[in-house]
Amino acid sequence: MFSKNIIPATLIAVALVGCNSSDDNGTSSLQAAHASKDAPLANVWLNGSPQWTNVDFGAASGFSSVTAGSNTVRVDVQLPGGATTTVISDTTLNLSELNKYTVVVVGEADAASSNAVDALVLSRPVAGNQSSTTLDVQVAHAAAGVPDVDLYVTAPGADLSTSTAQATLSYQNDTGVLNIPGGDYQIRLALAGTQTVAFDSGTVALANNTELTIAAVPNQDSDGSSPVKLLVMDGSSSSIIYNATESAEIQVGHLVDDAPRVDVSLNGTEAVSDLDFEQVRDYTAVTAGSYDIDVYVDDTPATVVIDVNGQTLDKGMDYGIFAVNELASIEGLIVKTDRRPVATSAKLNVIHAAPSASTVDVYLTETSDITSASPAISGFDFKEDEQGIYVAAGTYFVTVTPTGTKTAAIGPASVTVENDKVYQAIAIDDTATFDLIVSDITD
């Protein structure tokens, strides 16, 4: 997600210095994309002002107008507790008014990786060749760790054995700008020199009179059907094309303290059996699509207690499906969960599923004493969730209190977290008291 236009970079200034023209008097255009699957959020300062914030993986900014010639960029990385650290001090770069630039942050933030974080800089002329019948497209290999691939852009269903590859791409290489007719296509990446398809888009529509930049970026989903997904940038926004067979993933949890054992069905077929209170099942893959979700008393499908109709589960997305509240008012809670780990910290997702607690404050402290501590989450209401809180590796105490008080309703509960992992903490009612369910949900 972007606040303003985003340059998601940790090294973009280094990459841009010296690769553009000398000072100009006009303007240039710059967009950026984040393709480092384990890198944290970043904030970018342009010419001394905070221009782009909350950079996340798998998105792009759209083009922004910047002064051609000399510019300065500073990049700060977000750390646990709201702190930041500067990873690139103010650095001068030069941009030409004759070109538009796309900066893709690639590589891996893990210090042990052989693919260090880097900046892939793509350029294209300001004046394109797109028309009412054609589009311009530039395709880049931005997926660290993925070998060379042959790029096929064909009519849907075309036989690869009789098709010609548009290009063979190695990591950090691109096709240049291609002008092709608009229409329906099938985009496939095959391991170079073979017919072994590593990515298949299925049928996608490429519109006339557009200028697209498409980057093959890592698929951070550890159970994904392809090692890559396509980040499509149209100059103003971005979207993802997943492999045609990419799944959604769901976990299902029983969080109603006075409800009996239940089963869960998806579109009339039982998907989860014998689910007891406080059980939260591991994530499992399901075919992406629209689902009617029914929760019913164990082995009695006619006794439906929760009925959620038309719930969309998108490709590549992760969802928590929870039974919440008390039995008399039981309901379903669907949470889109963030399971992408980052190399520099742990991540914590928190869900308020305790109906009797009303609004609460959540403390995360190094000792069990919260007397002088400030809450990590304030005014947290029933059925709300917070995703992707950065936490430094270590052992902490989680304490939940009624909002504005220091009276513990849950905890202090000790938890130990590690970098490059994602944890989920769910506050629940447990008969006459409260409890906390903590689990590792790293993708």
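Residues numbered from 1 in each chain as written. Predicted model: local features only at pLDDT ≥ 70, side-chain atom pairs only at ≥ 80, totals over all residues. Heavy atoms only, no water.

Here we look at the nonpolar core
Ranked by internal contacts, the top residues of the largest apolar core, which has 24 residues, are Val137, Leu189, Leu212, Ile214 and Leu230. Every element with two or more residues in this core is listed here: β9 (134–141), β10 (149–154), β11 (167–169), β13 (183–191), β14 (197–206), β15 (211–218) and β16 (228–233). Counting 21 residues, the second-largest nonpolar core is a separate cluster that includes Ala259, Val262, Ile306 and Ala323. (Core = buried A, V, L, I, M, F, W, Y, C linked by side-chain atoms within 4.5 Å. Buried < 20%, exposed > 50% of the residue type's maximum accessible area, 1.4 Å probe, protein only. Helix = DSSP H or I, 4+ residues; strand = E, 2+ residues; numbered from the N terminus.)

Re unusual backbone geometry
Omega for the peptide link from Gly411 to Pro412 comes to 5°, which places this bond in the cis form. Mapped onto the fold, Pro412 is located in strand β31 (residues 410–417). Located in the positive-phi region is Asp274, a residue other than glycine, with phi close to 55°. At Glu278, a residue that is not glycine, the phi angle is positive and equals roughly 80°. Take Glu278: it is sitting in the loop between β20 (269–275) and β21 (284–287). By relative accessible area, Glu278 is classed as partly exposed at 30%.

Points about the side chain of Ser163
Among the secondary structure elements, Ser163 is positioned in the loop between β10 and β11. Among the polar contacts made by the side chain of Ser163, one reaches the main-chain carbonyl oxygen of Asp159 at a distance of 2.7 Å. Once residues lying within four places of it in the same chain are set aside, the contact partners of Ser163 are Tyr152, Thr154 and Ala158. (Polar contact = N/O pair within 3.5 Å; in protein donor to acceptor, adjacent residues only side chain to side chain. Contact = heavy atoms within 4.5 Å.)

Focus: the pattern of salt bridges
Counting across every chain of the model gives eight salt bridges. Linking Glu211 and Lys100 is a salt bridge whose minimum nitrogen-to-oxygen distance equals 2.9 Å. One end of the pair, Glu211, is in strand β15; the other, Lys100, is in strand β7 (residues 99–106), with 111 residues separating them in the sequence. The salt bridge partner of Glu331 is Lys383, with a shortest N-O separation of 3.0 Å. Here Glu331 is found in strand β25 (residues 331–336), whereas its partner Lys383 is found in the loop between β28 (377–380) and β29 (385–391), with 52 residues between them in sequence. A relative accessible area of 23% means that Glu331 is categorised as partly exposed. What you see here is one network of salt bridges that share partners, running through Glu249, Asp318 and Arg339. (Salt bridge = Lys/Arg side-chain N within 4 Å of Asp/Glu carboxyl O.)

So, the confidence of the model for the chain
The share of residues in the chain with pLDDT of 70 or more is 92%, and the mean pLDDT across the chain is 90. Confidence drops under pLDDT 50 across residues 1–24; counting only partners more than four residues distant or on other chains, this segment forms 79 contacts. (pLDDT = per-residue confidence, 0-100.)

As for the environment of Leu275
Examined against the element boundaries, Leu275 turns out to sit in strand β20. We classify Leu275 as buried; its relative accessible area is 1%. A sequence separation of 63 residues divides Leu275 from Asp338, and the C-alpha atoms of the two residues are 24 Å apart. With residues near it in sequence (within four places) discarded, Leu275 still touches Val252, Gly253, His254, Pro260, Arg261, Val262 and Arg281.

Here's the deal with the sheet that holds strand β8 (residues 118–125)
The four strands lie next to each other as β4-β1-β7-β8, forming an open sheet whose pairing is mixed. Unpaired on one side and paired on the other, β4 (64–67) and β8 mark the two borders of the sheet. The sheet shows a mean angle of 30° between the axes of neighbouring strands, taken without regard to direction. As paired elements, strand β1 (residues 27–34) and β4 share four bridges and run antiparallel to each other. (Pairing = 2+ DSSP bridges. Axes fitted to C-alpha atoms, helices over the stretch in contact; angles between N-to-C directions.)

With respect to the packing of aromatic side chains
Applying the stated criterion to the full structure yields zero aromatic pairs. Over the aromatic face of Tyr283 sits the side chain of Arg339, whose NZ or CZ is 3.8 Å from the ring centroid. (Phe/Tyr/Trp six-rings, centres within 6.5 Å; stacked < 30°, edge-to-face > 60°. Lys NZ or Arg CZ within 6 Å of the ring centre and 35° of its normal.)

Considerations on the sheet that holds β10
Pairing in this open sheet of four strands is antiparallel, and the strands run β11-β10-β13-β14 from one edge to the other. For this open sheet the edge positions go to β11 and β14, each flanked by a neighbour on one side alone. Direction aside, neighbouring strands of the sheet carry axes that sit 20° apart on average. Note: β10 against β11, three bridges, orientation antiparallel. Across the sheet, residue Leu151 finds its bridge partner in β11, namely Ala167.

Notes on the pairing of strand β2 (residues 42–46)
Extensive coverage of β2 is indicated by the burial of four of its five residues. Both β2 and strand β3 (residues 49–52) contribute to a ladder of three bridges, which runs antiparallel. In the strand pairing of β3, Val44 is matched with Trp52. Counting the residues in the hairpin turn of β2 and β3 gives two residues, including Asn47, whose phi is positive at 50°.

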